[in-house]
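Residues per chain are reported as follows:
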Amino acid sequence: MASMQSVLAVNQLTKKRNKEPIIRSVSFSIERGTVFGLIGENGAGKTTTLGMICGLIIPTSGSIHIEGIPVQSRRKDALRHVGALVEEPHFYKYLTGMEHLLYGSSLYGKDTNERLDEVLSLLKMRSFIHKKVGHYSLGMKKRLAIAQCLLHRPSLLILDEPTNGLDPGAMIEFREIIQSITTNFELSVLISSHHLKEIEPICDQFGLLQDGELTLLEGKSNRSADSVVFVVEANELDKALALLQQQTFIFEPKLYHQDKITFKMDRIHYSSLLVLLSQVGVRSIKEKSFDLEEAYMEVTGMVERGGS
């Protein structure tokens, strides 16, 4: 179950087409001010899942709550809290970026000048906002689309494959924008992507969609300052693994890349670990940072298949 602080709570979400499930009992939640990365291959169901969250596709079963409001029964109220970009942005080439934003602001029926000024500053758009969109690069167009999504002060921003087509410079700018808006606007972000390395630095948690099923992956928000993953190299690997499996302060010990062992442990037990491993000729002990690509390969079975 999701906590009371969740901006988005998805519970047992299922979608069937021709009686065949394409999304199977998907559940996850997003806390305020955090970024959730929905990853998976093309055709895994990412866009379908986002479509259901945005109220564009009717789920077969399950529930979606945005700021505690059920999307299925109170769609309009729930979506007031959402800014979404689920397709490539399309603009009028002969209008300026500012003209697009002013028109968007007028649709909300209230004074948004102060908000518009905040968004332009945060997204660093002042240098090109008065130019016609026909002269914009793809990165500029995506910034304009995100700006439109932020005008009504949403608490949840949904972006479907936002990094497609971006050059390295625009990719760096995109990551900076996401980090800025979550910090300054206390905004939660849901990003779908199949480009793992591009979104790994900005996401707090990840969900891997595979054949319509979601596996939650450990991200930077899931690790405490004390509990970390260690990698050990030892002369007597089998004996070292057996020793680690017997300890109550060691969690999830397993072989790693055939010649190492990984496990979770609180740092306060480090001295006990050194004494224990002195029995097996340890060659190295290192802390292991989270690696999204490696976690993806492990869940999908690519490690066992040799990456094929």
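Refer to the structure printed above.
Residues numbered from 1 in each chain as written. Predicted model: local features only at pLDDT ≥ 70, side-chain atom pairs only at ≥ 80, totals over all residues. Heavy atoms only, no water.

Draft legend 1. Region of the structure containing the overall build of the protein. In terms of regular secondary structure, the protein is built from ten helices and 14 strands. Summarising its shape, the C-alpha atoms of the protein cover approximately 70 × 50 × 40 Å along the three principal directions. Within the protein, contacts between residues separated by at least 24 positions form 67% of all contacts whose residues are at least 6 apart in sequence. A total accessible area of about 16000 Å² is found for the protein, and carbon and sulfur atoms account for 50% of it. With 35 positive and 37 negative side-chain charges, the protein shows a spacing of 6 Å between the two charge centroids. (Helix = DSSP H or I, 4+ residues; strand = E, 2+ residues; numbered from the N terminus. Contact = heavy atoms within 4.5 Å. Areas by Shrake-Rupley, 256 points an atom, 1.4 Å probe, with all protein chains shown as cover. Lys, Arg positive; Asp, Glu negative; His and termini not counted. Charge placed at Lys NZ, Arg CZ, Asp CG, Glu CD.)

Draft legend 2. Quick look at the packing of aromatic side chains. Counted by the stated rule, this structure contains five aromatic pairs. Both rings, one in Phe28 and one in Phe36, keep their centres 4.6 Å apart while their planes meet at 20°; by these two values the pair is stacked. Seen from their ring centres, Tyr92 and Tyr94 are 5.8 Å apart, and the 45° between their planes marks the pair as tilted. The lysine or arginine in question, Arg115, covers the ring of Phe185, its NZ or CZ lying 4.1 Å from the ring centre. (Phe/Tyr/Trp six-rings, centres within 6.5 Å; stacked < 30°, edge-to-face > 60°. Lys NZ or Arg CZ within 6 Å of the ring centre and 35° of its normal.)

Draft legend 3. Layout of the nonpolar core. Among the nonpolar cores identified, the biggest contains 46 residues, and Ile39, Leu123, Leu150, Leu157, Leu159, Phe174 and Ile181 are the most heavily contacted of them. Residues contacting Ile39, with those up to four places away along its chain left out, are Lys46, Ser193, Leu196, Ile199, Phe206, Gly207, Leu208, Leu209, Leu217, Leu292 and Tyr296. Counting 26 residues, the second largest nonpolar core, distinct from the first, contains Ile23, Phe28, Val71 and Leu156. (Core = buried A, V, L, I, M, F, W, Y, C linked by side-chain atoms within 4.5 Å. Buried < 20%, exposed > 50% of the residue type's maximum accessible area, 1.4 Å probe, protein only.)

Draft legend 4. Highlighting the layout of surface pockets. Space inside the largest pocket adds up to approximately 860 Å³. Residue lining of the largest pocket: 30 residues in total, with Ala84, Tyr108, Gln148, Cys149 and His152 positioned closest to the centre. The set of elements that each furnish at least two residues to the lining of the largest pocket consists of α2 (75-79), β6 (82-85), α3 (97-107) and α5 (138-150). A per-class count over the lining of the largest pocket returns 16 nonpolar, seven polar and seven charged. (1 Å grid on protein atoms, 1.4 Å probe; cavity = no way out; pocket = protein on both sides within 12 Å on 5 of 7 lines; lining within 4 Å. Points joined across faces, edges and corners; volume = space filled by probe spheres on them. Nonpolar A, V, L, I, M, F, W, Y, C, P; charged D, E, K, R; others polar.)

Draft legend 5. Molecular detail of the sheet that holds strand β10 (residues 213-217). A sheet is described by the order of its strands in space; here six strands give the open sequence β6-β7-β8-β3-β9-β10, paired in mixed fashion. The open sheet has two edge strands with one neighbour each: β6 and β10. Ignoring strand direction, the axes of neighbouring strands in this sheet form an average angle of 15°. As defined by bridge partners, strand β3 (residues 35-39) adjoins strand β9 (residues 205-210) across four bridges and the pair is classed as parallel. Within β9, the residue paired with Leu38 across the bridge is Gly207. (Pairing = 2+ DSSP bridges. Axes fitted to C-alpha atoms, helices over the stretch in contact; angles between N-to-C directions.)

Draft legend 6. Region of interest: the pattern of salt bridges. For the coordinates displayed, the defined rule picks out 13 salt bridges. The salt bridge involving Arg143 is made with Glu173; its shortest N-O contact spans 3.1 Å. With Arg143 in helix α5 and Glu173 in helix α6 (residues 168-185), this pair connects stretches of sequence that are 30 residues apart. On the basis of relative accessible area, Arg143 is assigned to the buried category, the value being 12%. Looking at Glu173, the relative accessible area reads 34%, which means it is partly exposed. Between Glu200 and Lys197 there is a salt bridge, with its nearest N and O atoms 3.9 Å apart. (Salt bridge = Lys/Arg side-chain N within 4 Å of Asp/Glu carboxyl O.)

Draft legend 7. Geometry of the sheet that holds strand β2 (residues 20-31). Here four strands make up an open sheet; going across it, the order is β2-β1-β4-β5 and the pairing antiparallel. Since the sheet does not close on itself, it has two edges, and those belong to β2 and β5 (69-70), each with one partner. Pairing of strand β1 (residues 6-17) with β2, which is carried by eight bridges, proceeds in the antiparallel orientation. Within β2, the residue paired with Lys16 across the bridge is Pro21. Helix α1 (residues 46-53) rests against β1, β2 and β4 (61-66) of the sheet, and its axis sits at about 120° to β1.

Draft legend 8. Structural detail: the side chain of Arg115. Within the element layout of this structure, Arg115 appears in helix α4 (residues 113-122). Looking at Arg115, its side chain comes within polar contact range of the main-chain oxygen of Leu150, at 2.9 Å. (Polar contact = N/O pair within 3.5 Å; in protein donor to acceptor, adjacent residues only side chain to side chain.)

Draft legend 9. Layout of unusual backbone geometry. Notably, Asn18 is not glycine yet its phi reads approximately 55°, a positive angle. Within the secondary structure, Asn18 sits in the loop between β1 and β2. The exposure class assigned to Asn18 is exposed, which follows from its relative accessible area of 78%. In this structure, Asp211 takes a positive phi of about 55° despite not being glycine. With respect to the helices, strands and loops of the structure, Asp211 is situated in the loop between β9 and β10. Take Asp211: its relative accessible area is 65%, and that puts it in the exposed class.

Draft legend 10. The arrangement of helix α10 (residues 292-300) in detail. Within α10 the residues assigned to the buried category are Leu292, Glu294, Ala295, Tyr296 and Thr300. Elements in contact with the buried residues of α10: β3, α7 (196-199), β9, β10, β12 (251-256) and β14 (282-288). Following α10 by one or two positions, Gly301 adopts a phi angle in the positive range, close to 85°.

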